[in-house]
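Chain by chain, the residues run as shown.
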Amino acid sequence: MSTIRVRAQESGGVVTVRALMTHPMETGTSKDSAGNLIPPHHIETVLAEVGDTTVMTAYWGVTISRNPFFQFQFAGNKGDTLKLSWSDNKGESDSTEVSIG
Amino acid sequence: MTSNKRRVFLKGTLAAGTVGVAVGAGLLAPSKLLAAFPADAFKARGFENSLQAALGTTDMPAGDIEITAPEIAENGMVVPVTVETGMSDVSEMALFVVENGAPLSSKYVLGAGAVPMFATRIKMGQSSDVVAAVKSNGTWYSATREVKVTIGGCGG
């Protein structure tokens, strides 16, 4: 199952994207139940692409909340495919595609 | 600023040898390469250091920037923030929480057709000024909004 839930809605030529990603976004300052520091684990980069065009790049530190929410807008068309992907500081990544409605 | 970007870029490519190979083979578009995570800027401690590392300047005139955030956030773990601007030719945006140990919270590079706005949810360790920076026509502008936090959201 994808870690990304995304909706992309076009209105008046502007596409509004709302995305929720499942990710712990550990700061590196929290401790587990045994009192050991949990290492930082966070999404570093989020890419939004339509075809070959990158419409938005987000760089995130540990202070983005757990299970991040991200909303942005760009000029686009209904029916186009938006690809949203993330990669984190441990080399993990995920991506998903959604048709712009 | 240029040298800093280049350093981050070089570090990124050297660390990921496979990426270098992929680029050499023409498998990756150059635009992807520019998407190098600015790790140093996110580690920079203190607001001035953070601005310098993230933006290459600490001197920002006030801009036509609207920050939407709660006046009082009960839970510092999840503080919704929206940044919008009416300024023209915006290429980058960034968000800082002045009182967080490492103030840079996030940075955005706008691609073709992107509307200069973003919304996300951030962690705040304590009450703090939240600063949004917007690069319009090559110059960084900023706006500030104070958010009071009842229960801090970093560590513990």
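Treat the numbers as computed from the prediction; the structure is a model and nothing was measured.

Re the overall build of chain A
Part 1 of the reasoning: Looking only at helices and strands, one finds 0 helices and 7 strands in chain A.
Part 2 of the reasoning: When the helices and strands of chain A are read in sequence order from the N terminus, they spell out β-β-β-β-β-β-β.
Part 3 of the reasoning: For chain A, the C-alpha atoms occupy an extent of roughly 50 × 25 × 20 Å along the three principal directions.
Part 4 of the reasoning: Out of the 101 residues in chain A, the part that is buried amounts to 40%.
Part 5 of the reasoning: Look at the contacts in chain A between residues 6 or more apart in sequence, and 51% of them connect residues 24 or more apart.

Quick notes on the overall build of chain B
Part 1 of the reasoning: Along chain B, the regular secondary structure elements total 5 helices and 8 strands.
Part 2 of the reasoning: Counting from the amino terminus, chain B carries its helices and strands in the arrangement α-α-α-α-α-β-β-β-β-β-β-β-β.
Part 3 of the reasoning: Residues classed as buried in chain B amount to 35% of the 156 residues present.
Part 4 of the reasoning: The long-range share in chain B, meaning contacts at least 24 apart out of those at least 6 apart in sequence, stands at 65%.

Considerations on the interface of chain B and chain A
Part 1 of the reasoning: In this assembly, 33 residues from chain B lie in contact with 29 residues from chain A.
Part 2 of the reasoning: Counting residues per element, the ones that place at least two in the side of chain B that touches chain A are β5 (104-110) and β6 (114-122) of chain B.
Part 3 of the reasoning: For the side of chain B that touches chain A, the class distribution of residues is 21 nonpolar, 9 polar and 3 charged.
Part 4 of the reasoning: Where strand β5 (residues 69-75) of chain A lies against β6 of chain B, 4 bridges are found, and the strand directions are antiparallel. In the sheet register, Gln 73 of chain A faces β6 of chain B, and the bridge partner there is Val 115 of chain B.

Structural notes on the sheet that holds β5 of chain B
Part 1 of the reasoning: In spatial order, the strands read β7(A)-β6(A)-β3(A)-β4(A)-β5(B)-β4(B)-β7(B)-β8(B)-β2(B); together these 9 strands make up an open sheet with mixed pairing. Single-partner strands in this sheet number two, and they are β7 (93-99) of chain A together with β2 (72-75) of chain B. Each neighbouring strand pair of the sheet contributes to a mean axis angle of 20 degrees, computed without reference to strand direction.
Part 2 of the reasoning: Sheet topology places strand β3 (residues 43-50) of chain A next to strand β4 (residues 53-60) of chain A; 6 bridges connect them, and they run antiparallel. In the sheet register, Glu 49 of chain A faces β4 of chain A, and the bridge partner there is Thr 54 of chain A.
Part 3 of the reasoning: Docked against the sheet, helix α5 (residues 47-55) of chain B engages β4 (90-97), β5, β7 (128-136) and β8 (139-151) of chain B, running at close to 160 degrees with respect to β4 of chain B.

A look at the nonpolar core
Part 1 of the reasoning: Met 56 and Phe 72 of chain A together with Met 93 of chain B are the most contacted members of the largest nonpolar core, which has 61 residues in total.
Part 2 of the reasoning: Tallying contributions element by element places β4 of chain B first for this core, with 6 residues.
Part 3 of the reasoning: Setting aside residues up to four positions removed in sequence, Met 56 of chain A forms contacts with Ala 48, Phe 72 and Phe 74 of chain A together with Tyr 108, Leu 110, Gly 111 and Ala 114 of chain B.

Some words on the sheet that holds strand β2 (residues 14-21) of chain A
Part 1 of the reasoning: Reading across the sheet, the 6 strands line up as β1(A)-β2(A)-β5(A)-β6(B)-β3(B)-β1(B) and stay open at both edges, with antiparallel pairing between neighbours. Whereas interior strands pair on both sides, the edge strands pair on one side only; in this sheet they are β1 (4-11) of chain A together with β1 (65-68) of chain B. Direction aside, the axes of adjacent strands within the sheet are offset by 15 degrees on average.
Part 2 of the reasoning: Where strand β3 (residues 79-85) of chain B lies against β6 of chain B, 6 bridges are found, and the strand directions are antiparallel. Across the sheet, residue Val 79 of chain B finds its bridge partner in β6 of chain B, namely Ile 122 of chain B.

With respect to the environment of Val 98 of chain A
Residues and elements named next belong to chain A.
Part 1 of the reasoning: With respect to the helices and strands, Val 98 occurs in strand β7.
Part 2 of the reasoning: Each C-alpha atom, one on Val 98 and one on Arg 5, is 9.3 Å from the other, the two residues being 93 residues apart in sequence.
Part 3 of the reasoning: Setting aside residues no more than four positions away along its own chain, Val 98 makes contact with Val 6, Ala 8 and Leu 82.

As for the pairing of β3 of chain B
Residue and element names in this part refer to chain B.
Part 1 of the reasoning: Here β3 shows a clear split, with Val 79, Val 81, Val 83 and Thr 85 buried on one side and none of Pro 80, Thr 82 and Glu 84 buried on the other.
Part 2 of the reasoning: Here β1 runs beside β3; their pairing, made up of 4 bridges, is antiparallel. By the bridge assignment, Thr 68 is partnered in β3 with Thr 82.

Observations regarding the environment of Pro 68 of chain A
Part 1 of the reasoning: Here Pro 68 of chain A is to be found in the loop between β4 and β5.
Part 2 of the reasoning: Judged by C-beta crowding, with 23 C-beta atoms within 10 Å, Pro 68 of chain A ranks as buried.
Part 3 of the reasoning: Separated by 49 residues in sequence, Pro 68 of chain A and Ala 19 of chain A have C-alpha atoms that sit 8.1 Å apart.
Part 4 of the reasoning: Not counting residues within four places of it along the chain, the set of residues in contact with Pro 68 of chain A comprises Met 21, His 23, Met 25, Ile 43 and Trp 60 of chain A together with Thr 120 and Arg 121 of chain B.

What counts as what
Within each chain, residue numbers correspond to sequence positions counted from 1 in written order. The naming scheme follows written order: chains are lettered A onward, ligands numbered 1 onward. Under the rules for a predicted model, residues below a pLDDT of 70 receive no local features and side-chain atom pairs below 80 are neither given nor counted, while totals for whole chains, interfaces and linings still include all residues. Helix and strand definitions here come from DSSP, where helices need a minimum of 4 consecutive H or I residues and strands a minimum of 2 consecutive E residues; each element is numbered from the N-terminal end. The exposure label follows from counting other C-beta atoms within 10 Å of a residue's C-beta, where the C-beta atoms are placed from the backbone and the thresholds are 20 or more for buried and 12 or fewer for exposed, leaving partly exposed in between. Distance between backbone-placed C-beta atoms decides contact: two residues are in contact if it is within 7 Å. Just so you know the grouping, Ala, Val, Leu, Ile, Met, Phe, Trp, Tyr, Cys and Pro go in nonpolar, Asp, Glu, Lys and Arg go in charged, and all remaining residues, Gly too, go in polar. Only strands that DSSP links by at least two bridges are regarded as paired with each other. Only C-alpha atoms enter the line fits that serve as axes; for helices the fit covers just the stretch in contact. Angles between N-to-C directions range over 0 to 180 degrees. In this description, a nonpolar core means buried residues of the types Ala, Val, Leu, Ile, Met, Phe, Trp, Tyr and Cys, linked to one another by C-beta atoms lying within 7 Å.

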